[in-house]
Amino acid sequence: MEANTIKALELRSVSKNYGSIAALQGIDLDIEEGTIEGLLGPNGSGKSTLMKTIMGLVKPDTGDIHVLGKSIIEHPIETKRQIGYVPEDIRLYEFLTAVEYLDFIADAYQLDVETKNKRINEYLDAFGLKGRHNELISGYSGGMKQKIAIISSLLHKPRILIFDEALTGLDPISARIVKDLLHKLAKEGVTILFSTHVLAIAEVMCDHITLMHSGKIIARGQLKELQEQAKLSESSLEDIFLKLTGTNNLKAIVDALK
Amino acid sequence: MNLRIIVAIGRIYTLSFLRRRQSSPQAINRLTRRPLIIILVDFFAFILCVFLGYIIDNALLIEEELTFIGEMIDEMLIFIPALLISIPLAYGILFEFSQAAKTFTTETVNMLPIRANEYVLGSSLSTIFILSPIISIVLGFTSGLVGIGRGLYFLWFSLLTLSILALSGGAFIVEIIRAITNRVSSAFYSRGGRSSVYIRFVLSVIIFLVAMLLFNFNFLFLLLEAYSVEIISAWYVPLLWPSIAILNLIARNLLLAWIFGLLFLGFCVSCFFTSVKLREKYWAPQPVSIKISSKLYRPRKGILQRIGYAPAEVALIRKDLRGLVRRKEMIRIVVAPLFSTVIMIITLLVTPQTEEMPLGLFNLFFLMGPILFGWLLGITSFGQEGESMPIIYSLPIGGKELTKAKISSSLFIALISLIATLCLIYIILPASSFDFMLFFTLLSVLLTIEATIIGVAVGANYPDFTTTPRSRFITVTGSMVGIFFLGIGLLIISLPFLIFYTIEFEAVNYLVVFGSLILIGLFVCYFTYKMAIKNTKKLLDRVQVM
C-alpha cells in the first residue's frame, strides 16, 4: 500500500538564488510515476535550473527533493541510477567515438557486457547512427550529438527521464522516434519530465503541464485545467502560455520593431 | 596585404589571450582584460629597468671587486637575442597545443577572406605584443646599462633591433610548427583508424620536442660545451647569429657584425615566407571527421575488470587514456615530463662517465620524468574534464571510484615512463650492488605512486574546469599547493634512503632499510590516498558547475 504513495518526484519549497537573481522560488511539485510532465516557460524562467536541481547538479539553497522516495542529498548515487538526463547544452567527450562514449556511460551504470552490447547496437540502429558509430564525436553535427545524448540517457532503462529541450535539433524521423518512445516508456511506468519551447509538442505529448515564470510555478494541470485557470476555454496552449506569462501585447512589440 | 586585417587578427588573438580567464560578462571591461594593460606593463617595466641598469652600471664603476659581475653582464648581453627566440616558441607551442577544439579561433578566421600572409603576420603580431614586456625589459635594462651608462648607443640600438627580430623570428617559427602539426593532423585524420591516431600523437610529440630542443638556448650550450665548441666557431647555427653579431660588434669588427646581423634578418624573413607557404598548403579549413575503427561494437570484459576494478572505474580509466592520446591540449602534459627525461638522457650521454660515478643519491634527479608524469597527469585529471564534468556528476559514480580511476590512469602512464627510465639508468649507470638496485627501484616506484596520488588529491581540490584557449586544468593556487605537497611527500618517502645513504649504505642491514622504506612509503601513500578520496567527495558535493 505504501509503495503506491511514493511519488516519482517530490519537491518541497525548493529555492535557488544566483546573487540577486532568484532562479527558483519556493517550488512545490509532485509528479506521479508513469506520467509525462511538460515544463514550459519563457527563457530564464527557471526550467533548466529546476531540472539540474532535481539531478543534483545544482544545490538548492532551501528545500528538499526526493526521487522515488529517496533524498537526492542523502542518496545521490542511488537517485542518479534511477534517472536519465539530457541537458540543454550538451557537452559530450568529443575525443571519443559514439560507441566508446556509450560504452563509457553503460559501464558507469554498471550494465553487463551482453546488455550494453544489445542496447547500444539497438539504439544506434534506431537513431540511424550505425554507419558512423566509430567516428569521433567531434566530427558530428549538433543533431547527431543530441541523439548520442538521448541514447546515453536511455541506456540504463531509467525510471525517470529528464529531457531539457532534448528534441531541439533532431531531424523529423528521430524526433518522431523519441516521441513514440517516450509514450511507450510512460505506459511502462517511466516518469518523464521534459521542457520544450514547441508548445504543439507539449500539447500533444504531456499528461500534465507545469508553467514556470520568474522562478515560480504559475500554473499546473492538464490542458483543460490550464484553460480554466487562464479563463480561455477552447484556446490553444500558446494562447494560455502568452496570457499566463503576461505577454499580451505582442502586436505592439512587433509594430515597434518596424 | 591589408594592414587593417593584420591588426584586426592581432587584436582578436590578444583579446582572446587576455580574456582567457573571463569569469563574468562584466570582467571584460576590467583593465586586466584589455590590451592597454600590456602597454602599461611595457611602460613601467621599461622605466624600472632603465633605472636598474643605470644603478648597476654605476655600482660596477665604483666597486672594482664587482668586475666579474660586469663581465657576466657583458656575456649575458651577447646572448639576449638568441635567448629571445625560444621565448615566443615556448609560449606559442604551449598556446597552440593547449587550445581546446571549441576555442580554436582559426576555424572562424578560415571562413573569412584573409590571405595566408595576413594571418601569419597578424598572429605573430599578437604573439610579439603579448611578449612585448620582455622587449621593454631588454630595452630598459640595456638603455640604462649600455646606452645611458656607457654611451654605447650603436651597440644598444643593435641589441634592441636584434632582440625584436629574434622575437619575430620565434613567432614565425611557431607559425611553421602550427602548419606542420596541422598537416600531421589532417594527413592522419583523412586516413583514420586507431593506429593513425597514435602515430599522429607520437609525431606531434616529436615535433614539439624537437622544436623545443632545437631552439632551447640551454640545451644548445650543453651540446656546445660537451663538444668544446666556441660560440664564435658555431657560425652554422642560425640561433647564434645575433649573438655572433653582437660579439663582433663589441670586438669592433663591424663587417662581420653586419654580415651576421643580415644573415639573421634573412633567416627571420625566410621563416616568415616558409610559414606563409605552409599555411597556404596545409591549413585544413574544416575539421575532418575521424573514423577510429570499422569494427562492429562487441564489448568484452577487460583485464582491469578481471583484476578487481569496477566497470565504472574501468570506463573512466579508458576514457582518460583515450583522451590523452586524442586531445591536442593534452600533448603538452605528456611533453613537459618527456622533455625533462630527454634532457636527462642527453645529459647522461654527453657527460663523460667514469667508474667513480655509479648509480647513487645524485641519480634521484633522473627520476624527475616519471615523477612529473604522475604528478602532472594527476593534478590535471579533474580539470581536464572541463565542461564535460557534468557528465561525471550526473552518473552514479562515487568519490572512491572516481579517485581510484584517476590515480590508476595517471599511474599507468607514469609507471611506463618509470620502467623506461630505470632501464636506461641501469644501462648507463650500473648500480654498485644488486641490493642497492632493488632498493632504488622500490624507492622510485613509491615516489612515482606518491607523486601521482598527491597530484590527484590536489587536482580534486583546485580543479580549473574553464575551457579557454589555454586551459590549465588546475588553478594557480592548486599548482603551488601541489608543488609544496609533492616536495613534502617525496622528502618523507626518501628519508630512509637519504639517512642510510649518508651513514654508509653498505654497512646497514638491508632488511631494516627495505622495511622502513616500505613502511614509510605505504603509510604516506595510504594517507595521501585517503586525502584524495576526501577531496574528490568534496568536489562531487560542490556541484555548481553548469
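Numbering of residues begins from 1 in every chain and follows the order in which that chain's sequence is written. Chains carry letters from A onward and ligands carry numbers from 1 onward, assigned in written order. Predicted model: local features are reported for residues with pLDDT of at least 70 only, side-chain atom pairs are reported and counted for 80 or more only, and whole-chain, interface and lining totals are derived from all residues. Computation of side-chain values: all heavy atoms of the structure, hydrogens and water removed.

Draft legend 1. Seen up close, the domain arrangement of chain A. All names here are of chain A. Residue ranges labeled as domains rest on an automatic or database domain assignment. Along its sequence, chain A is organised into domain 1 (1-82 + 159-168 + 186-258) and domain 2 (88-157). Note on domain 1 versus domain 2: buried area summed over both sides is about 800 Å², and carbon and sulfur give 49% of it. Whenever Lys or Arg places a side-chain nitrogen within 4 Å of a carboxyl oxygen from Asp or Glu, that contact is recorded as a salt bridge. Seen at the junction of domain 1 and domain 2, the total is zero salt bridges. Polar contacts, as used here, are pairs of N or O atoms within 3.5 Å; protein pairs need one atom able to donate a hydrogen and one able to accept it. Residues neighboring in sequence count only if both atoms are side-chain atoms. Seen at the junction of domain 1 and domain 2, the total is three residue pairs in polar contact (both at pLDDT 80 or more). Comment: elements are numbered from the N terminus, with helices defined as DSSP H or I runs of at least four residues and strands as E runs of at least two. Of all the elements in the fold, those that place two or more residues in the side of domain 1 that touches domain 2 are helix H3 (76-82) and strand E7 (160-164). A per-element tally of the side of domain 1 that touches domain 2 places E7 first, with three residues. Buried area: the accessible area, evaluated with a 1.4 Å probe, that two parts lose upon being put together, summed over both parts.

Draft legend 2. Layout of the side chain of Lys-7 of chain A. Residues and elements named next belong to chain A. Its place among the elements puts Lys-7 in the loop between helix H1 (2-5) and strand E1 (9-18). Burial classes: relative accessible area under 20% of the type maximum marks a residue as buried, over 50% as exposed, and values in between as partly exposed (1.4 Å probe, protein chains only). A residue is classified by how much of its surface remains accessible, and Lys-7, at 19% relative accessible area, is buried. Working rule for contacts: check all heavy atoms of both residues, and any pair within 4.5 Å makes them a contact. Among all residues touching Lys-7, those that are not within four sequence positions of it are Asp-30, Ile-31, Glu-32, Leu-68 and Gly-69.

Draft legend 3. Here's a closer look at the packing of aromatic side chains. Residue and element names in this part refer to chain B. Each Phe, Tyr or Trp ring (for Trp, its six-membered ring) is paired with any other whose centre lies within 6.5 Å, and the angle between the two planes then decides the class: stacked below 30 degrees, edge-to-face above 60, tilted in between. Under the defined criterion, the tally for this structure stands at 12 aromatic pairs over all chains. Here the aromatic rings of Phe-172 and Phe-272 are separated by 5.2 Å at their centres, their planes lie at 55°, and the arrangement is tilted. Taken together, the residues Phe-172 in helix H7 (residues 153-191) and Phe-272 in helix H11 (residues 254-282) connect sequence positions 100 residues apart. Like Phe-272, Phe-172 is buried.

Draft legend 4. Examining the confidence of the model for chain B more closely. What pLDDT conveys is the predictor's confidence in a given residue, as a value from 0 to 100. Chain-level pLDDT for chain B is 78 on average; 74% of the residues reach the 70-or-more range. What the predictor reports for the complex is a pTM of 0.72 with an ipTM of 0.72.

Draft legend 5. Local environment of the sheet that holds E7 of chain A. All names here are of chain A. Sheet architecture is open: six strands sit in the order E6-E7-E8-E3-E9-E10, paired in mixed fashion. Edge positions in the sheet fall to strand E6 (83-86) and strand E10 (216-221), since each of these pairs with one other strand and no more. On average, each strand axis in the sheet is inclined to that of its neighbour by 15°, with strand direction left out of account. As judged from the four bridges shared by strand E3 (residues 36-40) and strand E9 (residues 208-213), these two strands associate in the parallel manner. What sits directly across from Gly-38, in E9, is Ile-209. Axis definition: a line fitted to C-alpha atoms, over the contacting stretch in the case of helices. Angles run 0 to 180 degrees between N-to-C directions. Relative to E7, helix H2 (residues 47-55) is tilted by about 150°, and along the sheet it contacts E3, E6, E7, strand E8 (191-195) and E9. Its contacts with the sheet place helix H10 (residues 237-244) against E3, E9 and E10, and it is angled at close to 30° to E9. The criterion for strand pairing is that DSSP finds at least two bridges linking the strands in question.

Draft legend 6. Representation of the pattern of salt bridges in the model. Tallied over the full model, the rule gives 22 salt bridges over all chains. Note that Glu-10 of chain A and Arg-12 of chain A form a salt bridge whose closest N and O atoms lie 3.8 Å from each other. Residue Glu-10 of chain A is classed as partly exposed on the basis of its relative accessible area of 23%. One salt bridge connects Asp-320 of chain B with Lys-319 of chain B, and the closest N-O pair in it is separated by 2.7 Å. What you see here is one network of salt bridges that share partners, running through Asp-103, Asp-107 and Lys-116 of chain A together with Arg-318 of chain B.

Draft legend 7. Geometry of helix H7 (residues 172-187) of chain A. All names here are of chain A. By definition here, a helix of n residues has an expected span of 1.5 Å times n minus one. The first and last C-alpha atoms of H7 sit 23 Å apart over 16 residues, in line with the 22 Å expected at 1.5 Å per residue. Within H7, the full set of buried residues consists of Ser-174, Ala-175, Val-178, Leu-181, Leu-182, Leu-185 and Ala-186. Along H7, the residues classed as buried sweep out an arc of 130° about the axis, all on the same side. Opposite the buried face of H7, by more than 90 degrees, sit the exposed residues Pro-172, Ile-173, Arg-176 and Lys-187. Arc, as used here, means the arc of the directions from the helix axis to the C-beta atoms.

Draft legend 8. Highlighting the confidence of the model for chain A. Model confidence for chain A is summarised by a mean pLDDT of 87, while 97% of its residues fall at 70 or above. Looking at the elements of chain A, mean pLDDT is at its lowest for H1 of chain A, recorded as 53, and at its highest for E7 of chain A, recorded as 94.

Draft legend 9. Region of interest: the interface of chain A and chain B. Contacts between the two partners involve 40 residues from chain A, matched on the other side by 43 residues from chain B. The junction of chain A with chain B conceals about 3700 Å² of combined surface from both sides, 60% of it contributed by carbon and sulfur atoms. When the buried surface of chain A facing chain B is broken down by residue, Arg-91, Tyr-93 and Phe-95 of chain A rank first, second and third, together holding 18% of it. Taken together, chain A and chain B are joined by four salt bridges. Between Asp-107 of chain A and Arg-318 of chain B there is a salt bridge, with the nearest N and O atoms lying 3.0 Å from each other. For the pair chain A and chain B, the number of links is nine residue pairs in polar contact (both at pLDDT 80 or more). Listed by contribution, the elements that provide at least two residues to the side of chain A that touches chain B are H2, H3, helix H4 (98-108) and helix H5 (113-126) of chain A. Here the element with the most residues in the side of chain A that touches chain B is H4 of chain A; it accounts for eight residues. Note on residue categories: nonpolar means Ala, Val, Leu, Ile, Met, Phe, Trp, Tyr, Cys or Pro, charged means Asp, Glu, Lys or Arg, and polar means any other residue, Gly included. Taken together, the residues that form the side of chain A that touches chain B break down as 19 nonpolar, nine polar and 12 charged.

Draft legend 10. Seen up close, the packing of helix H15 (residues 368-379) of chain B against helix H18 (residues 434-461) of chain B. Residues and elements named next belong to chain B. Contact geometry for H15 and H18: axes closest at 7 Å, N-to-C directions at 20°. As judged from the angle between their axes, H15 and H18 are roughly parallel. Both H15 and H18 take part in a crossing whose hand is right-handed. Contact with H15, carried on its side by Pro-370, Ile-371, Gly-374, Trp-375, Gly-378 and Ile-379, involves Leu-447, Thr-448, Ala-451, Thr-452, Ile-454, Gly-455, Val-456, Val-458 and Gly-459 of H18 and no other residues of that element. Put simply, angles under 35 degrees are roughly parallel, angles over 145 are roughly antiparallel, angles from 65 to 115 are roughly perpendicular, and the rest are oblique. Throughout, a crossing is termed right-handed when the near helix is turned clockwise from the far one, and left-handed when it is turned anticlockwise from it by less than a right angle.

Draft legend 11. View of helix H10 (residues 241-250) of chain B. With eight of 10 residues buried, H10 of chain B lies mostly within the body of the structure. Looking at H10 of chain B, one finds that the buried residues are Trp-241, Pro-242, Ser-243, Ile-244, Ala-245, Ile-246, Asn-248 and Leu-249 of chain B.

Draft legend 12. Representation of unusual backbone geometry in the model. Residues and elements named next belong to chain A. Within the chain, Leu-68 stands out as a residue other than glycine whose phi angle is a positive 50°. Summarising the element assignment, Leu-68 is placed in the loop between strand E4 (62-67) and strand E5 (70-71). One non-glycine residue, Ser-214, lies in the positive phi region at around 50°. For Ser-214, a relative accessible area of 41% corresponds to the partly exposed category.

Draft legend 13. Local environment of the side chain of Glu-175 of chain B. Residue and element names in this part refer to chain B. Within the fold, Glu-175 resides in helix H7. A polar contact of 2.5 Å, which involves the side chain of Glu-175, links it to the side chain of Ser-123. Residues in contact with Glu-175, not counting those within four places in the same chain, are Tyr-119, Val-120, Ser-123, Ser-124 and Ser-275.

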